[in-house]
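Overview (structure and organization)
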Amino acid sequence: LTLGYLSEEDEIEVIMRDDFDLSKIKPILNSEDIKLLKKEINDIPIHKDIAGIIVKILNESRKLADSGEIKNGLSVRSGLALKQMCKAYVFINDIKMITPDVVFLLASDVLKHRISDETKMSKILHNVKENVYDKTKYSNFLIPRIMISGRQNMYSFILKMQKGQSRWIFVI
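In this report, we go over the structure that sits alongside the text.

1. Things to note about the overall build of the chain
Counting its secondary structure elements, the chain contains 6 helices and 2 strands. Considering the chain as a whole, with its 172 residues, one finds that 30% of them fall into the buried category. Across the chain, the fraction of contacts at a sequence separation of at least 24, relative to all contacts at a separation of at least 6, is 57%.

This is the structure we're talking about:
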């Protein structure tokens, strides 16, 4: 979400004002609300296969570092940050679980603090996507590409999960 900037004229007007009173700004959440939201986000489960995708992204970056294409690979802390952002994203967008597409959607923005070269990041994600979507191990996640346009929310998609011999289909 990008709010953008005021025009230069509007910024000058704001800076010139003497009547702006910060005490008039009222909070919309208190500390208990924030604690509750953090707990709800932290309680969102992550499937082992999704954690595996995040680790594959980390490992792919390390391969590029080993070959000298980038200075450093991604650390496990980068993976933790990506996981938390995925949890927050699905919470905010009222999605029931973290999917591979959510991971790939957020990875570039979350990890650009370490890999700022978009070409290198695209290469990492491309290599992992090919591996993930071409392997039957990940066939439990039958998800069409997420369609995002501007600020629109995710469209409904079908998630197929297997549990033992039973198969469940969830429409989210």
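What follows continues from the structure just given.
2. Considering helix α5 (residues 100-111)
Compared with the 16 Å implied by 1.5 Å per residue over 12 residues, the 16 Å span of α5 between its first and last C-alpha is a close match. Among the 12 residues of α5, 9 are classified as buried, and the element is accordingly described as predominantly covered. Buried within α5 are the following residues: Pro100, Asp101, Val102, Val103, Phe104, Leu106, Ala107, Val110 and Leu111.

3. A short note on the nonpolar core
In this structure, Ile53, Ile57, Leu82, Val103 and Leu111 are the most contacted members of the largest nonpolar core, which totals 29 residues. Broken down by secondary-structure element, the contributors of at least two residues to this core are α3 (48-66), α4 (76-92), α5 and α6 (118-134).

4. Focus: the pattern of salt bridges
Counting across every chain of the model gives 8 salt bridges. Among the ionic pairs, Lys39 bridges to Asp43, the shortest N-O distance being 2.6 Å. Using a relative accessible area of 48% as the deciding quantity, one classes Asp43 as partly exposed. Here Lys120 ties to Glu69 by a salt bridge, and the two come within 3.4 Å at their closest N and O atoms. Here Lys120 is found in helix α6, whereas its partner Glu69 is found in the loop between α3 and α4, with 51 residues between them in sequence. Here the salt bridges do not stand alone but share partners, grouping Glu69, Lys120 and Lys123 into one network.

5. Observations concerning the packing of α4 against α5
Running from N to C, α4 and α5 cross one another at 125°; their axes reach a closest spacing of 9 Å. With respect to each other, α4 and α5 are oriented oblique. When the axes of α4 and α5 are compared, the crossing they make is right-handed. Where α4 approaches α5, its residues Ser78, Ala81, Leu82, Met85, Cys86, Tyr89 and Val90 are matched on the opposing element by Val102, Val103, Leu105, Leu106, Ala107, Val110 and Leu111. Taken together, the residues of the contact of α4 with α5 sort by class into 13 nonpolar, 1 polar and no charged.

6. Side note on helix α2 (residues 31-42)
What sets the pattern is the α-helix's 3.6 residues per turn: residues three or four places apart point alike. With 12 residues, α2 should reach 16 Å at 1.5 Å per residue; the first-to-last C-alpha distance of 16 Å fits that figure. Backbone nitrogen of Glu32 and a side-chain oxygen of the N-cap are separated by 2.9 Å at the start of α2; the cap is Asn30.

7. A word on the environment of Ile53
Mapped onto the secondary structure, Ile53 falls in helix α3. Along the primary structure Ile53 and Phe104 are separated by 51 residues, whereas in three dimensions their C-alpha atoms are 9.1 Å apart.

8. Considering a nonpolar patch on the surface
There is a patch of nonpolar side chains on the surface, built from Ile28, Leu29, Ile34 and Leu37 and spanning about 380 Å² of accessible area. Relative to the helices and strands, Ile28 resides in the loop between α1 (8-16) and α2. Residue classification places Ile28 among the exposed positions, given a relative accessible area of 80%.

9. Examining the environment of Ile50
As for its position among the elements, Ile50 is in helix α3. Taking the relative accessible area as the measure of exposure, Ile50 reaches 0% and is therefore buried. Spatially, the C-alpha atoms of Ile50 and Pro100 are 6.3 Å apart, while their sequence positions differ by 50 residues.

Basis of the calculations
- Residues numbered from 1 in each chain as written.
- Predicted model: local features only at pLDDT ≥ 70, side-chain atom pairs only at ≥ 80, totals over all residues.
- Heavy atoms only, no water.
- Helix = DSSP H or I, 4+ residues; strand = E, 2+ residues; numbered from the N terminus.
- Buried < 20%, exposed > 50% of the residue type's maximum accessible area, 1.4 Å probe, protein only.
- Contact = heavy atoms within 4.5 Å.
- Expected span 1.5 Å × (residues − 1).
- Core = buried A, V, L, I, M, F, W, Y, C linked by side-chain atoms within 4.5 Å.
- Salt bridge = Lys/Arg side-chain N within 4 Å of Asp/Glu carboxyl O.
- Axes fitted to C-alpha atoms, helices over the stretch in contact; angles between N-to-C directions.
- Parallel < 35°, antiparallel > 145°, perpendicular 65-115°, else oblique.
- Left-handed = near helix turned anticlockwise from the far one by under 90°.
- Nonpolar A, V, L, I, M, F, W, Y, C, P; charged D, E, K, R; others polar.
- Polar contact = N/O pair within 3.5 Å; in protein donor to acceptor, adjacent residues only side chain to side chain.
- Patch = residues over 30% accessible without salt bridge, like charges linked within 9 Å, V, L, I, M, F, W, Y side chains within 5 Å.
- Areas by Shrake-Rupley, 256 points an atom, 1.4 Å probe, with all protein chains shown as cover.

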